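# Commentary on secondary and tertiary structure
Each chain, written out:
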Amino acid sequence: MRAPPLLLCVALTALVEPGRTQQEPAEAERAEPDILSGIEGTPISSVDAWRAHRPALVKLLENEMFGPMPTERLQVAATEVERDPAALGGAATRTQWVVELSRGKELLSVELLVYVPNEREGLVPAFLGLNFKGNHTVWPDEEIRVPRTWMANDAKFGVKDNRASESARGQRTARWPIDLLVSRGYALATAYYGDLDPDFDDGFRNGLHAVLGDDPARDTLGTIGAWAFGLSHLLDALGKVDGLDQERVAVFGHSRLGKTALWAGATDPRFWFAISNNSGCGGAALSRRRHGETVKRIQEVFPHWFTTRFRRYADHEDDLPFDQHHLIALMAPRPVYVASASGDDWADPRGEFLAAVGATPAWELHGLRGLGGATFPEAPDTALGEGSVGYHLRSGKHDVTAWDWARFLDFADRHRER
Ligand code: GTR
């Protein structure tokens, strides 16, 4: 029986949330597709089935989103160029390294800054993260070298003519509380992200792409993929650092570098765990929710971050054969941490939480705890997850704070003993 026109109209109106037009889909409250459904839809019900499925899932994210990783690894040559055994008032040894990544005659030079606690028994775990404004911004030590590579102009950080300067020394210490990390028994390693690949659209030509020669990945690897590939090579270099446990290096990143940290952790299983801080769209936030930054908008503004094939999903998120909980789940059974901020609506904190929950069955399959049964924090400054999947909602804006780091350290402590 056909519904009378008036009734049909009422029924349609009821489907539309207030404040939204009919074209805008309602925000997804669940992560779809099911994480335990294979590429062909076959259920994944054992650890063996997950292991067998994982490479195909990585391939899917490579092909549709980040671009295939290069077929071969680069050569890595790390040379120590500076050392202070009494940094941080004697609490740490600071070393600086020039890490040369090469293939054939092509070479890329990356400056790596490392702090290792002096008080230690055996090897210490470490956090490895890229920074946005240069190594000299993370701590006010005079000896930290200023990047000589391209940097986006920024008067606040004294960047002129695309060159960094002295004036920004120590300006980002709030985001890098190295003294806290060292006092809790962790090393910190960081490099300027632009050393690996400059953050602008040049058709995948400069930075790490230039070293790839005729590798088919050269034309299709998005910049996030290039940063992630670079991080994996910096992990190689960390094998040379005295006192640092290369088998317990957590990869950390904020915002676009939070997206990168998840992809680096997914593609290099040697990473101990991954931390995504306020990573949002293309990181931990579910694309299907279309809340805050969308798949369309992110590619309009940052076309170089992803492989060009990802553009087909702009305004067509439901066609994605995965969502961002798949990216998170690729960490299983290793731990993963997702951090949101309540004032960072653009990154969709709720979408980041729902993705972490949606990824959880991948850990449960391994007999590990994730965020099963957790509900979104009613108030900020709440940390969740005693198991392998951590989540927190901090109050405040899009940023990294000492509060965030204290939670990451608590999480690392819990996994350090296992
Ligand atoms: C924003 C972008 C986000 C996030 C952020 C950042 O402009 O829309 O996806 O990555 O930049 O990296 O700071």
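Coordinates for the structure precede this section.
Overview of the structure.

## Side note on the overall build of the protein chain
What the protein chain contains, in helices and strands, is 12 helices and 10 strands. Oriented by its inertia axes, the alpha-carbon framework of the protein chain measures out at about 80 × 45 × 45 Å. The buried share of the protein chain, taken over its 418 residues, is 57%. Excluding contacts between residues fewer than 6 apart, the proportion of contacts in the protein chain whose partners are at least 24 apart in sequence is 68%. Carbon and sulfur atoms provide 52% of the accessible area of the protein chain, an area that totals close to 17300 Å². Of note, the protein chain has its 46 positive side-chain charges centred 1 Å away from the centre of its 59 negative side-chain charges.

## Side note on helix α10 (residues 349-359)
An α-helix turns once per 3.6 residues; consequently, residues spaced three or four apart project the same way. Summarising burial for α10: nine of the 11 residues are buried, a large majority. Within the span of α10, buried status applies to Pro 349, Gly 351, Glu 352, Phe 353, Leu 354, Ala 355, Ala 356, Gly 358 and Ala 359. Of the surrounding elements, those touching the buried residues of α10 are α9 (324-329), β8 (336-341), α11 (361-364), β9 (382-384) and β10 (389-394).

## A closer look at unusual backbone geometry
Following Glu 32, the chain continues into Pro 33 via a peptide bond in cis, with omega recorded as -10 degrees. Tracing the backbone shows Pro 33 in the loop between α1 (5-15) and α2 (47-66). Here the residue pair Ala 332 and Pro 333 is connected by a cis peptide bond, since its omega of 5 degrees sits within 30 degrees of zero. As for its position among the elements, Pro 333 is in the loop between α9 and β8. If you check the backbone angles, Leu 88 has positive phi at about 50 degrees while not being a glycine. Mapping Leu 88 onto the fold places it in the loop between β1 (75-87) and β2 (92-103). For Asp 161, which is not glycine, the phi dihedral falls at a positive 50 degrees. Inspection of the secondary structure assignment puts Asp 161 in the loop between β4 (124-131) and α3 (178-183). Asp 161 sits in the exposed class, given a relative accessible area of 62%.

## Digging into the pairing of strand β3 (residues 106-117)
Most of β3 is tucked away: nine of the 12 residues are buried. Sheet analysis places β3 next to strand β5 (residues 187-192), joined by four bridges and oriented antiparallel. Across the sheet, Leu 113 pairs through a bridge with Thr 190, a residue of β5.

Reading the values: rules and limits
Residues numbered from 1 in each chain as written. Predicted model: local features only at pLDDT ≥ 70, side-chain atom pairs only at ≥ 80, totals over all residues. Heavy atoms only, no water. Helix = DSSP H or I, 4+ residues; strand = E, 2+ residues; numbered from the N terminus. Buried < 20%, exposed > 50% of the residue type's maximum accessible area, 1.4 Å probe, protein only. Contact = heavy atoms within 4.5 Å. Areas by Shrake-Rupley, 256 points an atom, 1.4 Å probe, with all protein chains shown as cover. Lys, Arg positive; Asp, Glu negative; His and termini not counted. Charge placed at Lys NZ, Arg CZ, Asp CG, Glu CD. Pairing = 2+ DSSP bridges.

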